[in-house]
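This is what each chain is made of:
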Amino acid sequence: MTKTDENAVSNLPISPLDLETPERPYLDSNELIINMGPQHPATHGVLRVILKLDGEKVLGTECVIGYLHRGVEKIAENRTYTMFNPYVDRMDYVAAVSNGLGYCQAVEKLLNVEAPPRANYIRVILTELNRIASHQLWLGTHALDIGAMTPLFYTFRDREEILKIFEKYCGARLTTHAFRIGGLQYETYAGFEKDVKNFVDFVRPKIDEYEELLTGNRIWIERTKNVGVISAADAIALGVTGPVLRASGVKWDLRKAQPYANYSDFDFEIPTGENGDTYDRYMVRMIEMRQSLRIIEQAVAGIPEGPIMAKVPKVIKPAVGEIYHSIEAPKGELGYFIVSDGSTQPYRVRVRPPSFVNLQALDIMVRGLLVADVVAVIGTLDIVLGEVDR
Amino acid sequence: MLDQFMSYLGSTLTPGQANNQLWALIYVLIIFAGVSVAVMAMNWLERKALAHFQVRLGPMRVGPHGLLQPIADAVKLMIKEDIIPSEADKFVFWIAPLIGLLAAFTVYTVVPFGPSQAVSDMNIGILFMLGVSSLAVLGVVMAGWASNSHYPLIGALRSSAQMVSYEVAMGLAVVCAILMTSLHGLGLYGVSKLSDGTGTLSMIGIVQAQQEQHVWFLFKFFPLGLIAFVIFAIAMVAETNRAPFDLPEAESELTAGFHTEYSGLRWSLFMLAEYAAMIAVSSIAVTLWLGGWLRPFPNLLAGPTWDFIFALFPGLTFLGLGAIAFLGTVRMPKHPYFKIQTIGLAAFGVVLAGIGVLLLAIPIAAKVSNHDILNRSTEALMNVYWFVAKVAVFMYLYIWYRATWPRYRFDQLMKVGWKVMLPISLGVLILTAIVGVIL
């Protein structure tokens, strides 16, 4: 990262998509308005992108979201703090553990309690496992969008091992509800450390295997290099976070920048890219998976003894006030803004979802590219529609 | 009619050359049935092989190891509702899959499975093949246009551009092979001068030229033949719209490309045409570069003993397939639920082994009795077997490509076609001519 990048003024050419397609007198050739989604194999759920095309060239896009809107934030106002905890798992359902961590920590901050170190270590292990699972799912679907079918099955095979650990720990595989406000409900099961260590040894060569299929592949490089470039200045101006921001060269990771949950105990690196293209984002995420393994190894080796739950009242009634707490979810900065009116239910919960904010960058990333690149860029942004629409 | 039937037996010409319409019809029916069965087998094999590449099992429910899956699919597609979009151009929509199918199957008229095992030996055979197979693009464009819908239109435009571009490089690679039928150089490459070379466009003639020159064109003027072959092998994948050049039906971009609006039987005709075209272009590649029906090492391992050993291969292959089926039977779960499947697989294994025994019996009987008809059947069997075996290798490669590579983008595809393949194939063509005349 260079300082000038960060301070450069960004002139984003964002304007609403003009859906008029003026008739051209010659050859009867119009610009084409195409609806990609909500039922489309490559939009990762129910995203609808309106594309304005000149032949295969993209003139502009407009995202139509809301097909998966479930009113999660409104639901929070009618639930107690504890009751709302499982709901957050349903936002980014491929990284449910991270969602839970963010919410629990935000409420803990509001209550002014701190989870004990043992709980924090176990939280870190599960969250980093979840980061790997999320990146594996991203890699599989992203590669499938670009036409490589096989990585999808390899990543799902290996992700299964992570889900097994989750299942053994808390009984659920996807929407885990693993954490509680103030710590953890469950002590680790016998053999948890061994399972995690085995997984680390198991998955390290598998990540090499994915890279073998893709990293040096000529077609993969041609499809991803200089595709969907976003400059550091633009990325910052749009509020883009996570691997997408880091691939543009900005070294910003909340685990380092504002350490939470004992992340400062661990030694790991923040990978950054240079060009901010799809290939860099791919490499950043691949390295992140390896760094997560490093964190997991250190955390497993150093789980301290002690309680797993802080002293939290049975009925959670935070004092009147508000709090914003954010963590580094696999997709970027996941923030919770909670307003308490002193009752058992939050007055307002506002979620800052990384997918929703990152999705804004789609339009400037794909303008001037071809239809096939739109698919690649949607994949590289790593959005989950459950989180975009909430 | 019986006269016509009997008079052809013992002929060494193709029915077309012998002017025998009855046998030509019989050959056409055999090839039509054979290709249809091959497409079904390929369908099953692709799903199974692809599944095993991808750590899954593939079809396992319909029949033992999903062996009846293609039949189930065919039945399903046939009884599906036939939808024609209301905005579509009905006549063109109706006729488009037929054109694709027609183009794919007409090509087989000149595919030589042996020196006399072809419907006809046209003196412009290879031109006919290239010409007819490129008609397939017409079906694709018509389908995309008639659907009157955005995604099919883009798919059709992509595929027309793609097929036309790659045909150029493909054609130049073919010309290399044709040059090689007449040019043999002055011995620098160790190419035999047994024949003066008979420049020919006939498919049978091209294989016979390889036979006479004692070299598959793949190895002739090394590495020129090899480069031309590789160009052809790449262009033929693009020509048949298969991965990594499967842009016209790129699922993740265009949902299903030019056949998005097609369903049921019409859609299955497109699939049939696609697979038939894959087999057809693989046949061209085998004929031009891999010595067609010739068995491996016909000169190095010559003599009646080696002939006999190679004649055993067809039977042994089927026995091997039977053994695999038998192994599957043994490994089948012992639960009563699987009883029918186990019996079915065992029966399938017995059928395969039976065919194997029959195919073994023919060359052995020929060896023992030296009867003319038996000798000729052995010969025919060998030719067809080696031809099909070589084509099968290409079909496997198709699956392998699909499992391994991502998809090219449209502009990159064009770049590869025009800026890489075309100059290389032009260069190889010129070099072949120079080498053939001077060296």
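Residues numbered from 1 in each chain as written. Chains lettered and ligands numbered in written order. Predicted model: local features only at pLDDT ≥ 70, side-chain atom pairs only at ≥ 80, totals over all residues.

A.B. asks: Please provide a residue-by-residue account of the overall build of chain B, values included.
C.D. replies: Helix and strand content of chain B: 17 helices and 0 strands. Taken over the C-alpha trace, chain B has a radius of gyration of 23 Å; the compact-globule value for 439 residues is 22 Å, and the two agree within 12%. Principal-axis analysis of the C-alpha atoms places the extent of chain B at approximately 65 × 60 × 50 Å. Every one of the 439 residues in chain B was classed for burial, and the buried ones make up 44%. The contacts in chain B between residues at least 6 apart in sequence include a share of 75% that link residues at least 24 apart. (Helix = DSSP H or I, 4+ residues; strand = E, 2+ residues; numbered from the N terminus. Rg over C-alpha atoms; globule rule 2.2 N^0.38 Å. Buried ≥ 20, exposed ≤ 12 C-beta atoms within 10 Å, placed from the backbone. Contact = placed C-beta atoms within 7 Å.)

A.B. asks: Describe in detail the overall build of chain A, supporting the description with residues and values.
C.D. replies: Looking only at helices and strands, chain A has 16 helices and 8 strands in total. Computed over its C-alpha atoms, the radius of gyration of chain A comes to 21 Å, within 12% of the 21 Å expected for a compact globule of 390 residues. In terms of overall dimensions, chain A has C-alpha extents of about 75 × 50 × 40 Å along its principal axes. Taken across its 390 residues, chain A has 51% of its residues classed as buried. Counting contacts in chain A only where the partners sit at least 6 residues apart, residues at least 24 apart contribute 70% of the total.

A.B. asks: Describe the confidence of the model for chain B, with residues and values.
C.D. replies: Mean pLDDT over chain B: 83, with 93% of residues reaching 70 or higher. In the predicted assembly, ipTM is 0.81 and pTM is 0.84. (pLDDT = per-residue confidence, 0-100.)

A.B. asks: Report on the domain arrangement of chain B, specifying residues and quantitative values.
C.D. replies: Residues and elements named next belong to chain B. For chain B, the assigned domains are domain 1 (80-294 + 411-439) and domain 2 (295-407). Using only C-alpha atoms to locate each centre, domain 1 and domain 2 end up separated by 27 Å. Counting residues at the interface gives 21 residues for domain 1 and 18 residues for domain 2. (Domains from an automatic or database assignment.)

A.B. asks: Please provide a residue-by-residue account of the packing of helix 4 (residues 96-111) of chain A against helix 5 (residues 117-145) of chain A, values included.
C.D. replies: Residue and element names in this part refer to chain A. Relative orientation of the contacting elements helix 4 and helix 5 amounts to 140 degrees, with a least axis distance of 8 Å. When the axes of helix 4 and helix 5 are compared, the pair comes out oblique. Seen from helix 4, the contacting residues are Val97, Ser98 and Leu101; seen from helix 5, they are Arg123, Leu126, Thr127 and Asn130. Among the residues making up the contact of helix 4 with helix 5, the classes are represented as 3 nonpolar, 3 polar and 1 charged. (Axes fitted to C-alpha atoms, helices over the stretch in contact; angles between N-to-C directions. Parallel < 35°, antiparallel > 145°, perpendicular 65-115°, else oblique. Nonpolar A, V, L, I, M, F, W, Y, C, P; charged D, E, K, R; others polar.)

A.B. asks: Hey, could you go over the sheet that holds strand 2 (residues 48-54) of chain A for me, with residue numbers and the actual values?
C.D. replies: Residue and element names in this part refer to chain A. Here we have 3 strands laid out as an open sheet, ordered 1-2-3, and antiparallel in their pairing. On the outer flanks of this sheet lie strand 1 (32-36) and strand 3 (57-64), each paired with one strand and no other. On average, adjacent strands in this sheet sit at an angle of 20 degrees to one another, irrespective of strand direction. Both strand 1 and strand 2 contribute to a ladder of 5 bridges, which runs antiparallel. Pairing of isoleucine 34 across the sheet is with leucine 51, part of strand 2. (Pairing = 2+ DSSP bridges.)

A.B. asks: Any details on the nonpolar core? Residues and values, ideally.
C.D. replies: Of all hydrophobic cores here, the largest spans 228 residues; its most connected members are Val374(A), Phe232(B), Ala235(B) and Ala276(B). When residues are assigned to domains, this core turns out to be shared by domain 1 (80-294 + 411-439) and domain 2 (295-407) of chain B, each giving three or more. If we ignore the near neighbours within four places in the chain, the residues touching Phe232(B) are Met170(B), Ala173(B), Val174(B), Ala285(B) and Trp289(B). (Core = buried A, V, L, I, M, F, W, Y, C linked by C-beta atoms within 7 Å.)

A.B. asks: Please give an account of the pairing of strand 2 of chain A that cites residues and values.
C.D. replies: Residues and elements named next belong to chain A. Relative to strand 3, strand 2 runs antiparallel, the two being bridged by 7 bridges. Bridge pairing in strand 3 links aspartate 54 to lysine 57. In this antiparallel pair of consecutive strands, strand 2 and strand 3, the connection spans 2 residues, and glycine 55 shows a positive phi of 70 degrees.

A.B. asks: How would you explain the packing of helix 14 (residues 313-331) of chain B against helix 15 (residues 339-369) of chain B if you had to name every residue and give the values?
C.D. replies: Residue and element names in this part refer to chain B. As a packed pair, helix 14 and helix 15 sit with axes 7 Å apart at the nearest point and diverge in direction by 165 degrees. One element, helix 14, and the other, helix 15, form an angle in the roughly antiparallel class. As for how helix 14 packs across helix 15, the hand of that crossing is left-handed. Of the residues in helix 15, those touching helix 14 at Pro314, Gly315, Phe318, Leu319, Leu321, Gly322, Ala325, Phe326, Gly328 and Thr329 are Thr342, Leu345, Ala346, Phe348, Gly349, Leu352, Ala353, Ile355, Gly356, Val357, Leu359 and Leu360. When its residues are assigned to classes, the contact of helix 14 with helix 15 shows 15 nonpolar, 7 polar and no charged. (Left-handed = near helix turned anticlockwise from the far one by under 90°.)

A.B. asks: Requested: an account of the confidence of the model for chain A, with residues and values cited.
C.D. replies: Detail in the predicted coordinates should be disregarded across regions flagged by low pLDDT. Mean pLDDT over chain A stands at 85; residues scoring 70 or higher make up 92%. Within the model, the stretch residues 1-8 of chain A combines pLDDT values under 50 with 12 contacts to residues more than four positions away or in other chains.

A.B. asks: Kindly report on the sheet that holds strand 8 (residues 346-352) of chain A, identifying the contributing residues and their values.
C.D. replies: All names here are of chain A. Taking strand neighbours across the sheet as the criterion, the 3 strands line up as 6-7-8 in an open arrangement whose pairing is antiparallel. Either end of the sheet is taken by a strand with one partner, and the two such strands are strand 6 (321-329) and strand 8. Taken over all neighbouring pairs, the strand axes of this sheet differ in orientation by 15 degrees on average, direction set aside. Two elements, strand 6 and strand 7 (residues 332-340), share 9 bridges in a ladder whose sense is antiparallel. In the strand pairing of strand 7, glycine 321 is matched with serine 340. Packing against the sheet, helix 4 makes contact with strand 6 and strand 7, and its axis sits at approximately 150 degrees to strand 6.

A.B. asks: Before we move on, could you go through the environment of Lys52(A) and cite the residues and values that matter?
C.D. replies: Residues and elements named next belong to chain A. Here lysine 52 is to be found in strand 2. Lysine 52 gets classed as buried once you count the C-beta atoms within 10 Å, which come to 20. Note: C-alpha distance between lysine 52 and alanine 301 (249 residues apart in sequence) is 54 Å.

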